[in-house]
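Given next are the chains, with one letter for each unit.
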Amino acid sequence: MAFFDNDLDFNIGKEGRAEALFKVTGRGKYSSEYKTENVTYAVIVGSTVASGKITGIDTADAMLADGVLGILTHTDKPVVPGLASEQKIKESKIGLPVLHTDTIYFKGQPVAVVIAKTLEEAQYAASLVKTSYQQTKANVDFKNTHPSIPLKNDGKERGNTENWNSSAFNVEQEYHIEGEVHHPMEMHATIAIWNGNDRLKLYDKNQGVNGVQNTVGKLFDLQPKNIEVITEFMGGGFGSGLRVWPNTVLAIMAAKKINKPVKLMLTRTQMSCLVGYRPESWQKIKLGADASGKFTGLIHDSKNTTSLYENFLENITRISRLAYGFENLKTQMATVPLNMSTPTWMRGPGECTGAFALESAIDELCFKMNKDPLAVRLQNLSDVKDPETGKDWSTNFVRECMEKGAAKIGWNQRDLKPRQKKEGDWLVGYGMGVGMWTAGGGKASAGLTMDVNGNVTVKTAMTDIGTGTGTSMRNIVHEVTGIPLNKIKIDLGKSTLPQAPSQGGSRGLSSISASSNAIAETLKSNLINYASKTNPEFKNLKSSDITLTDSVVQIKNKSTSVSFQKIFSDNQLTVIEVEETTQPGDLQKKFAFASGAAHFCRVKVHELTGKVKIDRFVSVVDGGKIVSEKPAKNQVIGAVVGGTGMALMEEMTIDKRIGALVADDLAGYHFSVNADVPIIEVDFINKPDFNLNASGAKGLGEVGIIGSAAAIANAIFNATGKRFRNLPITPDKILKG
């Protein structure tokens, strides 16, 4: 069955989601929901300590429990070739050598896996596993540890950072952001099925099935082509699905041990420590400007949490090299190893973290200068050339985003002096932040099949993680060919389909849109050749000379046409198949590419309770051509909601005495819900960048969150006169001032 088969003939139109019917009816399956014969269930037993060595694991009672088929430990397991030695572990880049070490790096680290006939039996038996440890002191204290970690240069230094110490205006401040957990709706899960010793099938929650193929192939010494990976639907990834985590490896090991299919699904608590998180971070910014408001220089330092077994650098300072023309610039970074699992990119990589500090510092500097923050940003924007490389921007409409967003929010109503507007007990303020993200694309393949009745299926291995990739592919094929939308179906998220990169980093549509355009053009060219055998008028035509309907190939501006039925009959065809691979061209060496956004918000802060209410939020985005507007708006709205959580409520709470996360479920971990956000107003510049790809789409997932938390923090300052440099900004902090 194709991913988006639609046997109800439900015409959802161009702006409707291609997968809408499957989602609203529940027919779309997440990775844990596929029916598999003789499937068994695996449950992870996590370490109860945060640091030490395993001295023993007693599985005797657990093995006697009903339904138990096997238990994996570090002393009783199938050996994973890619984890068989320290050198191979390093080469595998898997991170945690799960069940291949007796060292405990963090609380919750898998120390055993119980496999049973039913989930309930596996859960009960897991509670009977007894592990003893030689415990050592754990360190999970980022705030008290990071001052002892030295900074290192990060990127090329520009100018001389000493030249501007005597600038007319300077700010020098530190900023801190608590760690945050992904918590997507769907927990990570894997169903592993071995077929002999060298063939493997995986239903796995991941943002790139070909990436899973390659990683698992290296770990288990298998040819990637012998590994089938399926991720048709995803209930949110936010970056947690960009790599292979321990649950996938453990499910494969468990299936190998008992020679039966195994399903392993993480609990909500395990999601907090086994699939990454946004690391806790510290930043220091020194920013200067002359009397006119022109920036004279920037020093941006950052540190972020990482694990003891793997170094994760969030690249926080990278944002400082994108938007503004700092002639004097220095960035430094460091990572802080702690007894925690490895972080990862979350809902927008390090630029999201860095933008909070940078855009807050700019706002602070503007207050010192008594200048409009919008005017100062416009004055210093580097929208002609990339300040890092000196290359011309291929397209850059951030200035237009800022001007359009300011008009929409009513920025002219903002007072330079804070605490000037009040509505009853609510203080009112306006804030803004700018987001930028390097646009790009990678090598990607797409395929297409057409039958005699004109039904088309567009195919790629790329997974639609909820961003509307399938819808956009369908729309591109429709626009290029003319084939009606209800005749186009989508099949994706399977490694057996044409290969494509992972969906993430705003690179998905930018990569696959070029391939989608290519297969549509190739289909038209092939049909011209086939039609010319029936009607000589089609000879020597270009693809731009024809259009397709639901049943014929027609020459534009003429009544001349040949039916698909006739083409298939005359050419003895049963199906027409097309596949194309596209990749970045030479123009990507000539130009610099970026997506951008301007975020504006109006907040109300209650004087008596400290509650913050976001009254209005406007985001204007330069993402190139908007192929599918409704999914694009949904994507930006979701990103801004993530930014509101970052600004006002999200934080990983850690008990430093035991090295454990607390509030590690949906009851204790607070993130934004519908009641916390207004109707988010999204607008697009919608100007294509054809130097990047044939569709002109640049990508826009990341820029929806980059700068949004800063806009909220800056608005709170404008409302209250209180500057908050530590996120989240909770009511108690506002009341304390």
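Analysis parameters
Residues numbered from 1 in each chain as written. Predicted model: local features only at pLDDT ≥ 70, side-chain atom pairs only at ≥ 80, totals over all residues. Heavy atoms only, no water. Helix = DSSP H or I, 4+ residues; strand = E, 2+ residues; numbered from the N terminus. Rg over C-alpha atoms; globule rule 2.2 N^0.38 Å. Buried < 20%, exposed > 50% of the residue type's maximum accessible area, 1.4 Å probe, protein only. Contact = heavy atoms within 4.5 Å. Areas by Shrake-Rupley, 256 points an atom, 1.4 Å probe, with all protein chains shown as cover. Lys, Arg positive; Asp, Glu negative; His and termini not counted. Charge placed at Lys NZ, Arg CZ, Asp CG, Glu CD. Polar contact = N/O pair within 3.5 Å; in protein donor to acceptor, adjacent residues only side chain to side chain. Disulfide = S-S within 2.5 Å. Pairing = 2+ DSSP bridges. Axes fitted to C-alpha atoms, helices over the stretch in contact; angles between N-to-C directions. 1 Å grid on protein atoms, 1.4 Å probe; cavity = no way out; pocket = protein on both sides within 12 Å on 5 of 7 lines; lining within 4 Å. Points joined across faces, edges and corners; volume = space filled by probe spheres on them. Nonpolar A, V, L, I, M, F, W, Y, C, P; charged D, E, K, R; others polar. Expected span 1.5 Å × (residues − 1). Arc of directions from axis to C-beta. Salt bridge = Lys/Arg side-chain N within 4 Å of Asp/Glu carboxyl O. Parallel < 35°, antiparallel > 145°, perpendicular 65-115°, else oblique. Left-handed = near helix turned anticlockwise from the far one by under 90°. Phe/Tyr/Trp six-rings, centres within 6.5 Å; stacked < 30°, edge-to-face > 60°.

## Some thoughts on the overall build of the protein chain
Summing up its helical and strand segments, the protein chain has 18 helices and 32 strands in all. At 27 Å, the protein chain has a C-alpha radius of gyration in line with the 27 Å of a compact globule built from 737 residues. Across its three principal axes, the protein chain shows a C-alpha extent of roughly 80 × 75 × 50 Å. The burial tally for the protein chain puts 61% of its 737 residues in the buried class. Taking all contacts inside the protein chain whose residues are at least 6 apart in sequence as the whole, residues at least 24 apart take part in 79%. Accessible area for the protein chain stands at about 28,500 Å²; split by element, carbon and sulfur atoms hold 48% of it. If you average the places of the 85 positive and of the 78 negative side-chain charges in the protein chain, the two averages end up 2 Å apart.

## A look at the side chain of T644
Turning to its location among the elements, T644 is positioned in helix α16 (residues 629–648). What makes T644 buried here is its relative accessible area of 2%. A polar contact of 2.6 Å, which involves the side chain of T644, links it to the backbone oxygen of V641. Within the structure, the side chain of T644 is placed 2.7 Å from the side chain of S672, a separation counted as a polar contact. Setting aside anything within four residues of it in sequence, one finds T644 in contact with I614, M649, S672, V677 and I712.

## A word on the state of the cysteines
Within the structure shown, the criterion is met by zero disulfides. We note that C366 lacks a disulfide partner, and the nearest cysteine sulfur, in C601, lies 15 Å from it. C401 takes part in no disulfide bond, and the closest cysteine sulfur to it belongs to C601, at a distance of 16 Å. The buried category is assigned to C401, whose relative accessible area is 0%.

## A word on the sheet that holds strand β32 (residues 726–727)
Spatial strand order, β7-β17-β16-β15-β8-β32: six strands in an open sheet with mixed pairing. With one partner strand each, in any of the chains shown, β7 (152–153) and β32 form the two edges of the open sheet. Sheet topology note: the β7/strand β17 (residues 329–338) ladder contains two bridges and is antiparallel. Following the sheet pairing, K152 is matched in β17 by M333. Across the sheet, helix α9 (residues 350–369) touches β8 (169–177), β15 (281–289), β16 (295–307) and β32, and the angle it forms with β8 is around 145°.

## Remarks on the sheet that holds strand β4 (residues 103–104)
The strands making up a sheet are joined through hydrogen bonds of the backbone, oriented either antiparallel or parallel. Strand order across the open sheet formed by three strands is β4-β2-β6, with antiparallel pairing between neighbours. Among the strands making up the open sheet, the edge pair consists of β4 and β6 (130–135). Across six bridges, the pairing between strand β2 (residues 52–58) and β6 is antiparallel. In the sheet register, I54 faces β6, and the bridge partner there is Y133.

## Side note on unusual backbone geometry
In the segment running from L727 into P728, the intervening peptide bond is cis, with an omega of 5°. As for its placement among the helices and strands, P728 is situated in the loop between β32 and α18 (731–736). A positive phi angle, near 50°, is found at H183, a position not held by glycine. When you line up the elements, H183 lands in the loop between β9 (180–181) and β10 (189–194). For H183, a relative accessible area of 7% gives the class buried. With a phi angle near 55°, D221 is a residue other than glycine that sits in the positive phi range.

## What to know about empty space enclosed by the protein
Applying the stated criterion across every chain yields a total of six cavities of 30 Å³ or more. Taken as a whole, the largest cavity spans an internal volume of roughly 100 Å³. If you go around the largest cavity, you meet 16 residues; those closest to its centre are L96, W245, P246, L274 and Y309. Counting residues per element, the ones that place at least two in the lining of the largest cavity are α7 (246–258) and α8 (268–274). In terms of residue class, the lining of the largest cavity is made up of 11 nonpolar, three polar and two charged.

## Section: helix α11 (residues 398–409)
Taking 1.5 Å of rise per residue, the 12 residues of α11 would be expected to cover 16 Å, and the 16 Å separating its terminal C-alpha atoms lies within 8% of that figure. V398, C401, M402, G405, A406 and I409 are the residues of α11 that are buried. An end-on view of α11 places all buried positions within 125° of arc, on one side of the element. Summarising the contacts, the buried residues of α11 are in contact with α10 (373–380), β19 (426–438), β27 (594–606) and β28 (612–622). Looking at the residues trailing α11, positive phi occurs at G410, about 80°.

## Comments concerning the pattern of salt bridges
If charged atoms from side chains of opposite charge come close, those side chains can pair. Counted according to the given criterion, the structure contains 41 salt bridges. A salt bridge links R347 to E650; its shortest N-O distance comes to 2.8 Å. Note that R347 is positioned in the loop between β17 and α9 and E650 in the loop between α16 and β29 (653–655), a separation of 303 residues in sequence. Between R377 and E359 there is a salt bridge, and its shortest N-O distance comes to 2.7 Å. Highlighted residues: R377 in helix α10 and E359 in helix α9, separated in sequence by 18 residues. Of the two residues, R377 and E359, both sit in the buried class.

## Observations regarding the side chain of N714
Topologically, N714 is positioned in helix α17 (residues 708–720). There is a polar contact of 2.9 Å between the side chain of N714 and the side chain of R723. With near-sequence residues (within four places) excluded, N714 lies in contact with E359, S360, D363, R377, Y430, G431, M432 and R723.

## Overview of the packing of α9 against α10
Look at α9 against α10: their axes get within 9 Å of each other, and the N-to-C directions meet at 115°. The orientation of α9 relative to α10 falls into the category roughly perpendicular. At the point where α9 passes α10, the crossing takes the right-handed sense. Residues E359, I362, D363, C366 and M369 of α9 lie in contact with α10, whose contacting residues are P373, V376 and R377.

## Thoughts on the environment of G468
Inspection of the secondary structure assignment puts G468 in the loop between β21 (456–460) and α12 (469–481). Measuring from C-alpha to C-alpha, the distance between G468 and A18 comes to 7.9 Å, with 450 residues separating the pair along the chain. Residue contacts for G468: discarding those within four places in its chain leaves R17 and P631.

## Observations regarding the packing of aromatic side chains
This structure, assessed with the given rule, holds 13 aromatic pairs. With 5.2 Å between their ring centres and 70° between their planes, F312 and W345 make a pair best called edge-to-face. Of this pair, F312 sits in the loop between β16 and β17 while W345 is found in the loop between β17 and α9, placing the two residues 33 residues apart along the sequence. Look at F367 and F717: their rings are 5.1 Å apart centre to centre, the planes differ by 80°, and that puts the pair in the edge-to-face class. Placement of F367 in helix α9 and of F717 in helix α17 is noted, with a sequence separation of 350 residues between them.

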